[in-house]
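# Architecture at a glance
The residues making up each chain are set out below.
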Amino acid sequence: MDDSGAQFFCGQYPRRLDAKNRLTIPSEWRFQAEGSAVYLALPNPVGCISVYSPEMVGQLVEAARQSTLSSPAKQRALSALGRLACRVSCDKAGRIAIEPRLLEHAGISGDVVLVGEFTKFHVWEPSRLALEDKKSQELGEIFDTLRELGL
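These remarks concern the structure in this document. Just so you know, the residues in each chain are numbered from 1, in the order the chain's sequence is written. Totals for whole chains, interfaces and linings use all residues, but because this is a predicted model, local features are given only for residues with pLDDT of at least 70 and pairs of side-chain atoms are given and counted only at 80 or more. Hydrogens and waters are ignored; side-chain quantities use all the structure's heavy atoms.

## Comments concerning the overall build of the chain
In terms of helices and strands, the chain carries four helices and eight strands. Here a helix means four or more residues in a row that DSSP labels H or I, a strand means two or more in a row labelled E, and each is numbered from the N terminus. Listing each helix as α and each strand as β along the chain from the N terminus yields β-β-β-β-α-α-β-β-α-β-β-α. Principal-axis analysis of the C-alpha atoms places the extent of the chain at approximately 50 × 45 × 35 Å. Burial classification: accessible surface area is computed with a 1.4 Å probe over protein chains only, and a residue below 20% of its type maximum counts as buried, one above 50% as exposed, and the rest as partly exposed. For the chain, the residues scored as buried account for 32% of the 151 residues in total. The contact definition used throughout considers only heavy atoms, calling two residues in contact when any of these lie within 4.5 Å. Pairs at least 24 apart in sequence give 59% of the contacts found in the chain among residues at least 6 apart. On the chain, roughly 9,300 Å² of surface is accessible, and the fraction owed to carbon and sulfur atoms is 55%. The Shrake-Rupley method, run with a 1.4 Å probe, gives the accessible areas here. Residue values count only the displayed protein chains as cover.

Following this line, the structure appears as structure tokens:
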């Protein structure tokens, strides 16, 4: 938490899963209510695991409460999200346990890299993160060239 009291995730941290599929969250990423604060882990379409803060979980729950039974599309989306999601919370040692199905989605079996994205953080398998970084650099070059062309 910063001096303003706002919780956010930034930086990059190498970690290793233990035998129980737990990984230690950086101390500055942990919430004061450790153990009772609920994070939400979801498979990310780019091949990592995204972990949302308790604040974001609260916003999601409030949005779900506002959904009406007369909106089948919203009900389907919430159902799919609920099916994919995994509740996680920090134990006293600052670890969260990740479900095997999420680890499989992300290709993770041992080493990981935690990458902050301000309102959430991602859990990456290191070689997948390196590939994603390369794609981002290539895309950056493409957009730089398009900008030079006035597009």
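Picking up where we left off.
## A word on the pairing of strand β4 (residues 49–52)
Pairing between strand β3 (residues 39–43) and β4: four bridges, direction antiparallel. Bridging across to β4, Ala-41 finds its partner in Val-51. Counted along the chain from β3 to the antiparallel partner β4, the turn is five residues long, and its residue Gly-47 has a positive phi close to 105°. Sheet topology note: the β4/strand β8 (residues 120–124) ladder contains four bridges and is antiparallel. From the neighbouring strand, Ile-49 faces β8, where its bridge partner is Val-123. When DSSP finds two or more bridges between two strands, those strands count as paired.

## Quick notes on the environment of Leu-60
Looking at the secondary structure, you find Leu-60 in helix α1 (residues 54–66). You can call Leu-60 partly exposed: its relative accessible area is 30%. Taking C-alpha positions, Leu-60 is 28 Å from Lys-20, a pair spaced 40 residues apart along the chain.

## Digging into the sheet that holds β3
The strand order β1-β7-β8-β4-β3-β5 describes an open sheet built from six strands, whose pairing is antiparallel. In the strand order of this sheet, the two ends are held by β1 (12–16) and β5 (86–88), each with one partner. Adjacent strand axes in the sheet meet at a mean angle of 25° when their direction is disregarded. Note: β3 against β5, three bridges, orientation antiparallel. By the bridge assignment, Tyr-39 is partnered in β5 with Val-88. Seen against the sheet, α1 touches β3 and β4 and runs at an angle of roughly 80° to β3. With axes taken as lines fitted to C-alpha atoms, and helix axes fitted only over the stretch in contact, angles between N-to-C directions fall between 0 and 180 degrees.

## Some details on the packing of aromatic side chains
Geometry of aromatic contacts follows a simple scheme: Phe, Tyr and Trp rings, the Trp one being its six-membered ring, pair when their centres are within 6.5 Å, and the pair is stacked under 30 degrees between planes, edge-to-face over 60, tilted otherwise. Across all of its chains, the model carries five aromatic pairs by this definition. Each residue in the set Phe-9, Tyr-13, Trp-29 and Phe-121 is aromatic and connected to the rest through ring pairs, giving one cluster.

## A look at the layout of surface pockets
Put plainly, a pocket is an open set of points on a 1 Å grid over the protein atoms alone with protein on both sides within 12 Å along at least five of seven lines, a cavity is a set where a 1.4 Å probe fits but cannot get out, and a lining residue has an atom within 4 Å of a point. Grid points are joined across faces, edges and corners, and a volume is the space filled by probe spheres set on the points. In this model, the largest pocket occupies a volume close to 200 Å³. What lines the largest pocket is simply Val-38, Leu-40, Val-57, Leu-60, Val-61, Ala-64, Leu-78, Leu-81, Gly-82, Ala-85 and Arg-87. Examining the composition of the lining of the largest pocket, we find that four residues originate from one element, α1, more than from any other. Amino acid classes used here: Ala, Val, Leu, Ile, Met, Phe, Trp, Tyr, Cys and Pro are nonpolar; Asp, Glu, Lys and Arg are charged; the rest, including Gly, are polar. Residue classes in the lining of the largest pocket are distributed as nine nonpolar, one polar and one charged.

## So, the pattern of salt bridges
Should a side-chain nitrogen of Lys or Arg be within 4 Å of a carboxyl oxygen of Asp or Glu, the pair is scored as a salt bridge. All chains considered together, the criterion is met by seven salt bridges. Two residues, Arg-22 and Asp-18, come together in a salt bridge whose shortest N-O distance is 2.7 Å. A relative accessible area of 21% means that Arg-22 is categorised as partly exposed. Taking the relative accessible area as the measure of exposure, Asp-18 reaches 25% and is therefore partly exposed. Between Lys-120 and Glu-117 there is a salt bridge whose closest N-O contact spans 2.8 Å.

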